[in-house]
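Architecture at a glance
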Amino acid sequence: MNSDISFPPHRENRFYQGMAATFVANAIQAVNFLGDRFLRKSHLLSTAIEDLYRHSMDSAFSVTEAFLVTGAPHASAYYPRDFAWFYPDVLDPETIMDSQDAIRRVRLLEKSVRLLLEAVRADVVTTTIVPAGRGRYLGVNYFSRPSDTLLGILAGLQQMISAEERASSYLAMSQCAHAGRLLLAEYGLDLKRAILQLASELESFDDDGARYLLCDAGAPRSAATDTRAERRRFVTNACVYTTFVWGVQLGVVDENELKRLLGRDLAQYKRDLLRLFGKDGYIRHSLEGPAGSPVSSVALDFVSVHRGFWNLNDACERVLFAATTDLIIAEPRFRIPGTFHFLVSADNPRNKVIHKIAAPAYQGRSSWPTFNVEFADRMLDYDAVSGTDTYRSYAQGILKDIRTATEVHGGYQELLSEEGLKYRTWAYKGAVAHSWFPRFLSVWSRAFGKPLLHWND
């Protein structure tokens, strides 16, 4: 059934920021975590990957949801970055079960992106948006100001607009593309203002007599794995560069406007970042702190986002990518023993008090399956551009182990411990990352040349 879909009229929403809003948001989130800690029930599911996927999609794209969420204990808060880091393939036709699944996904995606664009219009560009009653939302930065919030919003828009370019029999896809174009027309000026503001906030950073521009030279900016609270990180600056590129590609901002603010074009801006973070012959995770051994200076989040920083068209860029990838592959401390599941880093980063209670090692000695999927996808990018078969077997190994973990643990995990077990702390009992599952299926098809699951609509 390819029925027409209608997008429900959106109600007026209000967004709040400030000390009072942060206090209330923290209280709401504390209740969310405590509720998960004491009320979460374990559901015994079939271990068949198809049954687990169907259950995950019914949960992730439920008609009762007001926003696309992960299924984690903090899922009642909204994270704009997720559309870039974790949700880039929710409209891949090979991952859609039937026409009703397509309709649910499109409706939820439109509602989600519209809400985030309304927040931008209200000048609330934060890492986290917490619902606080009917039509009321609190914008809060838990650790530092964002580097990737606008990136996530652009990724959501980009996914909507490009939906009709995918080979699909679902009418919902073309309707989604039309809705995306309407959103871009309605909120384009608000996005432009926010992107130019981000460009104006870049700070000068001098190194060996050369002047660079960083988003976090003086203070941390958040991205995925943001609770490291470090300055001068590769991933935060790669996110900002990608935000500018996507803004230009979508026609939100003209590159000449950015060039006037940056004092260089985007191609030079990227070369500068590669030169700065890659001066040791590999991509260093952060310039802050003393230089350690190479494997202690890199982190898995260097893979950035889908269709993001790495296009690997330049030979020097491929050399840096391969050198960093080889360091991670060769270091046993990066891997859950006996698997191709890679941890975020070889050494545990600094921990704040809250992490010792809620999520120790959340940003270091743990495995994020979604980062592993992106690692596999960048490996496939490298092979495709270089015309080699250097990393395909590693990519396939990563995906096979994620499938095994999904079947063993009863769903696609948000995090795995150093031992490959469900990630559990006192305040974080473990979560099934429902809405991250489609991305895994998309990259699986690419790595193996055929889909893992087949649907008959």
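Below is a summary of the structure that appears in this document. (Residues numbered from 1 in each chain as written. Predicted model: local features only at pLDDT ≥ 70, side-chain atom pairs only at ≥ 80, totals over all residues. Heavy atoms only, no water.)

Moving on to the overall build of the chain. Scanning the chain from N- to C-terminus turns up 14 helices and seven strands. Burial analysis of the chain (457 residues in total) assigns 59% to the buried set. Long-range pairs, those at least 24 residues apart, make up 71% of the contacts in the chain with a sequence separation of at least 6. (Helix = DSSP H or I, 4+ residues; strand = E, 2+ residues; numbered from the N terminus. Buried < 20%, exposed > 50% of the residue type's maximum accessible area, 1.4 Å probe, protein only. Contact = heavy atoms within 4.5 Å.)

All right, on to helix H8 (residues 255-262) then. The N-capping residue of H8, defined by a side-chain oxygen 2.8 Å from the backbone nitrogen of Asn256, is Asp254. Two residues or fewer after H8 comes Gly263, characterised by a positive phi angle close to 75 degrees. (Polar contact = N/O pair within 3.5 Å; in protein donor to acceptor, adjacent residues only side chain to side chain.)

A few words on the sheet that holds strand S1 (residues 14-16). Across the sheet, which stays open at both edges, the three strands sit in the order S1-S3-S2 with mixed pairing between neighbours. Each edge of the sheet is formed by a strand with only one pairing partner; in this case those strands are S1 and strand S2 (128-131). The average angle at which neighbouring strand axes cross in this sheet is 30 degrees, direction not considered. The pairing of S1 with strand S3 (residues 136-140) spans three bridges and is classified as parallel. Counted as the bridge partner of Arg14 is Arg136 from S3. The strands that helix H1 (residues 19-39) touches are S1, S2 and S3; relative to S3, the one it contacts most, it runs at about 100 degrees. Along the sheet face, helix H4 (residues 99-121) touches S1, S2 and S3 and points at about 60 degrees away from the line of S1. (Pairing = 2+ DSSP bridges. Axes fitted to C-alpha atoms, helices over the stretch in contact; angles between N-to-C directions.)

What follows is about the packing of aromatic side chains. For the structure shown, the criterion picks out 33 aromatic pairs. When the ring of Trp368 is compared with that of Phe371, the centres are 4.9 Å apart and the planes differ by 20 degrees; the resulting orientation is stacked. Each member of the pair, Trp368 together with Phe371, is buried. Between Tyr412 and Phe437, the ring centres sit 5.4 Å apart and the planes meet at 35 degrees, which makes this aromatic pair tilted. Placement of the pair is Tyr412 in the loop between helix H13 (392-409) and helix H14 (437-448) and Phe437 in helix H14, with a sequence separation of 25 residues. For the pair formed by Tyr412 and Phe437, the shared burial category is buried. We note Lys270 situated over the ring of Phe309; from NZ or CZ to the ring centre the distance is 4.9 Å. (Phe/Tyr/Trp six-rings, centres within 6.5 Å; stacked < 30°, edge-to-face > 60°. Lys NZ or Arg CZ within 6 Å of the ring centre and 35° of its normal.)

Two elements in contact, helix H10 (residues 315-330) and helix H12 (residues 369-386), have axes separated by 11 Å at closest approach and are oriented at 135 degrees. The angle between H10 and H12 falls in the class oblique. In the crossing of H10 with H12, the sense of the turn from one axis to the other is left-handed. Between H10 and H12, the residues in contact are Arg318, Phe321, Ala322, Thr325, Ile328 and Ile329 and Phe375, Arg378, Met379, Tyr382, Val385 and Ser386, respectively. In terms of residue class, the contact of H10 with H12 is made up of eight nonpolar, two polar and two charged. (Parallel < 35°, antiparallel > 145°, perpendicular 65-115°, else oblique. Left-handed = near helix turned anticlockwise from the far one by under 90°. Nonpolar A, V, L, I, M, F, W, Y, C, P; charged D, E, K, R; others polar.)

Below, the discussion takes up the pairing of strand S5 (residues 203-207). Pairing of S5 with strand S6 (residues 210-214), which is carried by five bridges, proceeds in the antiparallel orientation. By the bridge assignment for S6, Glu203 is matched with Leu214. Counting the residues in the hairpin turn of S5 and S6 gives two residues, including Asp208, whose phi is positive at 55 degrees.

Let's shift gears to the nonpolar core. Grouped together as the largest cluster of nonpolar side chains are 132 residues, with contacts concentrated most on Phe244, Leu262, Tyr269, Phe302, Trp310, Phe375 and Phe440. When residues no more than four places from it in sequence are discounted, the contact partners of Leu262 are Ala199, Leu202, Leu213, Phe244 and Tyr269. By size, the runner-up hydrophobic cluster in this structure holds seven residues, among which are Ala21, Ala77, Val130 and Val140. (Core = buried A, V, L, I, M, F, W, Y, C linked by side-chain atoms within 4.5 Å.)

This paragraph deals with the environment of Ala323. If you trace the backbone, Ala323 turns up in helix H10. Counting along the chain gives 42 residues from Ala323 to Gly281, while the straight-line C-alpha distance between them is 7.0 Å. Sequence-distant contacts of Ala323, defined by excluding residues within four places in its chain, comprise Gly281 and Tyr282.

Located in the positive-phi region is Ser304, a residue other than glycine, with phi close to 60 degrees. As for its placement among the helices and strands, Ser304 is situated in the loop between helix H9 (266-277) and H10.

Under the defined criterion, the tally for this structure stands at zero disulfides. Summary of cysteine pairing: Cys215 is not part of a disulfide, and the nearest cysteine sulfur, belonging to Cys239, is at 8.2 Å. (Disulfide = S-S within 2.5 Å.)

Moving on, we get to the pattern of salt bridges. Two side chains bearing opposite charge may form a pair once their charged atoms approach each other closely. Considering all chains together, one arrives at 35 salt bridges under this definition. In this structure, the salt-bridge partner of Asp89 is Arg439, at a minimum N-O distance of 2.7 Å. Taken together, the positions of Asp89 in the loop between helix H3 (82-85) and H4 and Arg439 in helix H14 put the pair 350 residues apart, joining distant regions of the chain. Comparing Asp89 with Arg439, the two get one shared label, buried. Salt bridges sharing partners connect three or more residues here, namely Asp89, Asp92, Arg166, Glu374, Asp377, Arg378, Asp381, Arg439 and Arg446. (Salt bridge = Lys/Arg side-chain N within 4 Å of Asp/Glu carboxyl O.)

Geometric descriptors of this kind do not, in isolation, establish any biological role.
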